[in-house]
Amino acid sequence: MSAAAKITTSSVDAAQVVSELRATFRTGRTKPIGWRKAQLRRFRDMVKENEDRMAQALKEDLGRPHYEAILAEVHYLLSEAEEAIDAVADWMEPVYTSAPLALQPGTAYIKPEPLGVVLIIAPWNYPIQLALAPLIGAISAGNCAVLKPSEVAPASSKLMAELVPKYLDTQCVRVVEGAVPETTALLEQRWDHIFFTGGERVGKIVMTAAAKHLTPVTLELGGKSPCIVHKSANLKVSARRIIWGKGLNAGQTCIAPDYILVEESIKDRFVGELKAAITDFYGTDTKASPDYSRIVSDRHFDRLVTLMQGGNVLAGGQHDKASRFLALTLIDGVSMDAPLMQEEIFGPLLPIVTVKDMNEAVDIVTSRQKPLALYAFAGDRKTQDFILSNTSSGGVCINDTVQHFLVPGLPFGGVGTSGVGAYHGKFSFDTFSHSKGVLNKPTWVDPSVRYPPYSKGQLKITRFLL
Ligand code: NAD
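Residues numbered from 1 in each chain as written. Predicted model: local features only at pLDDT ≥ 70, side-chain atom pairs only at ≥ 80, totals over all residues. Heavy atoms only, no water.

J.: Mind laying out the overall build of the protein chain, listing which residues take part and the relevant values?
T.: Within the protein chain one finds 16 helices and 18 strands. Computed over its C-alpha atoms, the radius of gyration of the protein chain comes to 25 Å, within 12% of the 23 Å expected for a compact globule of 466 residues. The buried share of the protein chain, reckoned over its 466 residues, is 53%. Across the protein chain, every contact between residues at least 6 apart in sequence was considered, and the portion connecting residues at least 24 apart equals 72%. (Helix = DSSP H or I, 4+ residues; strand = E, 2+ residues; numbered from the N terminus. Rg over C-alpha atoms; globule rule 2.2 N^0.38 Å. Buried < 20%, exposed > 50% of the residue type's maximum accessible area, 1.4 Å probe, protein only. Contact = heavy atoms within 4.5 Å.)

J.: How would you explain the domain arrangement of the protein chain if you had to name every residue and give the values?
T.: The domains assigned to the protein chain are domain 1 (3-221 + 417-438) and domain 2 (226-409). On inspection of domain 1 and its partner domain 2, the count reaches nine residue pairs in polar contact (both at pLDDT 80 or more). Put simply, the parts of the chain that give the side of domain 1 that touches domain 2 at least two residues each are helix H3 (51-62) and helix H4 (66-92). Tallying contributions element by element places H4 first for the side of domain 1 that touches domain 2, with four residues. Residue classes in the side of domain 1 that touches domain 2 are distributed as eight nonpolar, seven polar and five charged. (Domains from an automatic or database assignment. Polar contact = N/O pair within 3.5 Å; in protein donor to acceptor, adjacent residues only side chain to side chain. Nonpolar A, V, L, I, M, F, W, Y, C, P; charged D, E, K, R; others polar.)

J.: So what's going on with the packing of H3 against helix H6 (residues 154-167)? Residues and values would help.
T.: Closest axis-to-axis distance for the H3/H6 pair is 7 Å, and the angle between their directions is 150°. As far as their axial angle goes, H6 and H3 are roughly antiparallel. Here H3 contributes Arg-53, Met-54, Ala-57, Leu-58, Glu-60 and Asp-61 to the contact with H6, which in turn contributes Pro-154, Ala-155, Ser-156, Leu-159, Glu-162 and Leu-163. Taken together, the residues that form the contact of H3 with H6 break down as seven nonpolar, one polar and four charged. (Axes fitted to C-alpha atoms, helices over the stretch in contact; angles between N-to-C directions. Parallel < 35°, antiparallel > 145°, perpendicular 65-115°, else oblique.)

J.: Now, about unusual backbone geometry: what can you tell me, with residues and values included?
T.: Of the consecutive residues Gln-104 and Pro-105, the connecting peptide bond is found in the cis state with omega at -5°. With respect to the helices, strands and loops of the structure, Pro-105 is situated in the loop between strand E1 (95-97) and strand E2 (107-114). The residue after Pro-452, namely Pro-453, is reached through a cis peptide bond having omega -5°. Along the chain, Pro-453 turns up in the loop between strand E18 (433-440) and helix H16 (456-465).

J.: Could you give me a rundown of the site of the ligand, with the residues and numbers involved?
T.: Around the ligand, a shell composed of 27 residues is seen, among which Ala-122, Trp-124, Glu-151, Leu-221 and Glu-344 lie nearest. At 2.8 Å, a backbone N or O of Gly-199 approaches an oxygen atom of the ligand. When the ligand is considered free in solution it has 840 Å² of accessible area, and contact with the protein chains removes 91% of it. Elements that contribute at least two residues to the shell around the ligand include exactly helix H7 (180-187), strand E6 (193-197) and helix H8 (200-212). Looking at the shell around the ligand residue by residue, the classes come out as 16 nonpolar, seven polar and four charged. (Near = heavy atom within 4 Å. Areas by Shrake-Rupley, 256 points an atom, 1.4 Å probe, with all protein chains shown as cover.)

J.: Go over H6, please, and point to the residues and values.
T.: For H6, built from 14 residues, the straight-helix expectation of 20 Å at 1.5 Å per residue is met to within 8% by its first-to-last C-alpha distance of 20 Å. For H6, every residue scored as buried is listed here: Pro-154, Ala-155, Ser-156, Ser-157, Leu-159, Met-160, Leu-163, Val-164 and Tyr-167. Buried-residue contacts for H6 involve helix H2 (33-49), H3, helix H5 (129-140) and strand E5 (173-175). (Expected span 1.5 Å × (residues − 1).)

J.: Which residues make up the pairing of strand E4 (residues 144-148), and what are the values?
T.: Among the five residues that make up E4, five are buried, leaving the element largely enclosed by the rest of the structure. Across the two faces of E4 the burial is the same, with Cys-144, Val-146 and Lys-148 and Ala-145 and Leu-147 all buried. Handedness of the crossover is the feature at issue here: the chain leaves strand E3 (residues 117-121), passes through H5, returns alongside E4, and the resulting connection is right-handed. Pairing analysis gives three bridges linking E4 to E5, with the strands arranged parallel. Following the sheet pairing, Ala-145 is matched in E5 by Val-173. Once you follow E4 into H6 and on to E5, the crossover reads as right-handed. (Right-handed = clockwise from strand over helix to strand, strands pointing away. Pairing = 2+ DSSP bridges.)

J.: Hey, could you go over helix H10 (residues 267-282) for me, with residue numbers and the actual values?
T.: Taking 1.5 Å of rise per residue, the 16 residues of H10 would be expected to cover 22 Å, and the 22 Å separating its terminal C-alpha atoms lies within 8% of that figure. Residues of H10 that are buried: Lys-267, Phe-270, Val-271, Leu-274, Ala-277, Ile-278 and Tyr-282. One side of H10 holds all its buried residues, which, seen down the axis, span an arc of 115°. Turned more than 90 degrees away from the buried face of H10, the exposed residues are Asp-268, Arg-269 and Asp-280. Positioned one or two residues after H10, Gly-283 has a phi angle of 75°, which is positive. (Arc of directions from axis to C-beta.)

J.: Go over the packing of aromatic side chains with me, naming the residues and quoting the values.
T.: Applying the stated criterion across every chain yields a total of eleven aromatic pairs. The interplanar angle of 65° and the centroid separation of 6.4 Å between the aromatic rings of Phe-412 and Tyr-423 together place this pair among those described as edge-to-face. With Phe-412 in the loop between strand E16 (395-398) and strand E17 (419-420) and Tyr-423 in the loop between E17 and helix H15 (426-431), this residue pair connects regions lying eleven residues apart in the sequence. These aromatic residues form a ring-pair network of at least three members: Tyr-76, Phe-195, Phe-405, Phe-412, Tyr-423 and Phe-432. Sitting above the plane of the Tyr-126 ring, Arg-64 keeps its charged end 4.5 Å from the centroid. Above the ring of Tyr-259, the side-chain terminus of Arg-368 is found at 5.8 Å from the ring centroid. (Phe/Tyr/Trp six-rings, centres within 6.5 Å; stacked < 30°, edge-to-face > 60°. Lys NZ or Arg CZ within 6 Å of the ring centre and 35° of its normal.)

J.: Just give me the short version of the sheet that holds E2, but keep the residues and values in it.
T.: Here we have three strands laid out as an open sheet, ordered E1-E2-E18, and antiparallel in their pairing. Looking along the sheet, the strands with just one partner apiece sit at the ends: E1 and E18. Mean inter-strand twist for the sheet, computed between neighbouring axes without regard to direction, equals 30°. Pairing between E2 and E18: eight bridges, direction antiparallel. Considered in E18, the bridge of Glu-113 is made with His-434.

As structure tokens, this is what we get:
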């Protein structure tokens, strides 16, 4: 039985769900700071009180090590929720701007207002965090929301369907479980915003459905995130940080290092360090390591094993279909046209491509679609700046991988085919808000200079004052 088939959902009356939430939204229930803060506190309690159940669901869905479940999902959600609880009142404040002289007296400001009823569609790879983190933004901004978790992570989906109505206001927040038919039914409705995390193919389906209603979208997609390694890099630390980022969730991370571009002169030494890091972290038998996840489904397992055949295996390569185990595998001799270098790997395979110098590395990156993340490993500042200024990507880590995700003050999102829009911290609030521009004019004075009949002198004065 496929993972997707494990979920049995009664057919969703999507139109009914939206119409109920829309009716609630119109009452203004979600707008006051009191509702938002109370919901965010309930959200925090939900995560805190169910930490172990969340880790257990992630174990069932992905064989996820406890440490990773807590760090990458539970802890992350708690810190986002805490930040929102502390800051939401400030975020809601109007932002004043000056009005030109010709419009004086007058007060101009930007008033953030909720969008209305929003849809959040989540993927399976960090199935709890990627479903619930956008919900923090939706609630902070005062929206009603429907959450559609991924059917490919059924234990996590089921847990959220149980917990969300227990802790949050069911008149305003709903979970709809399901696969393609249920999501299709949801996408037929008119939403005020759709926040989608997933692959490029489904991203296009979402954007097409949204276009019918002119609904704005945030698309958190994927892509091939490169690691560029310069000869000035600290090879040992760089190797350890790349293997750590790739090993997380067995490479099933949207910002996992996808491939390495390493300078010729240091390649052999660097491969040695990569191999050493694998053994240090997971021992000589990765399958026996409690710190290594499994591939989510047979379909993805088969896809990855086929991809692996696109080059020479330098380390790893062991796999076992029954337990969907696939070792972290270093591969070289890969043609740039091979599927391994064309499609997002989204698993523990790590191709290593040799380049002459940084110009060639940058050429390879910029000749492809813009990645979600780019990792530059270099000791010297000039090389770091060269890579940073000559490439475009959703985000960047210099001398590390993945960790930029954890900085709440940084927007997280893609560019080009890796995504549209961004979130995290205040950026989540902005994503789910409309910035309404307001000009407030008193009536105690009403200069006639703006009104007809117009004269040349009037035009001169107005041009000067505007
Ligand atoms: P996916 O696109 O297959 O599925 C995402 C969601 O879309 C699921 O909820 C699924 O039920 C729904 N869906 C699937 N097919 C659909 C269809 N035909 N019509 C309507 N809805 C449909 O993605 P996935 O396999 O769950 O996740 C992997 C992808 O997500 C990778 O490309 C990865 O890079 C990307 N990703 C991006 C981020 C990010 O933050 N940018 C995070 C995680 C994953």
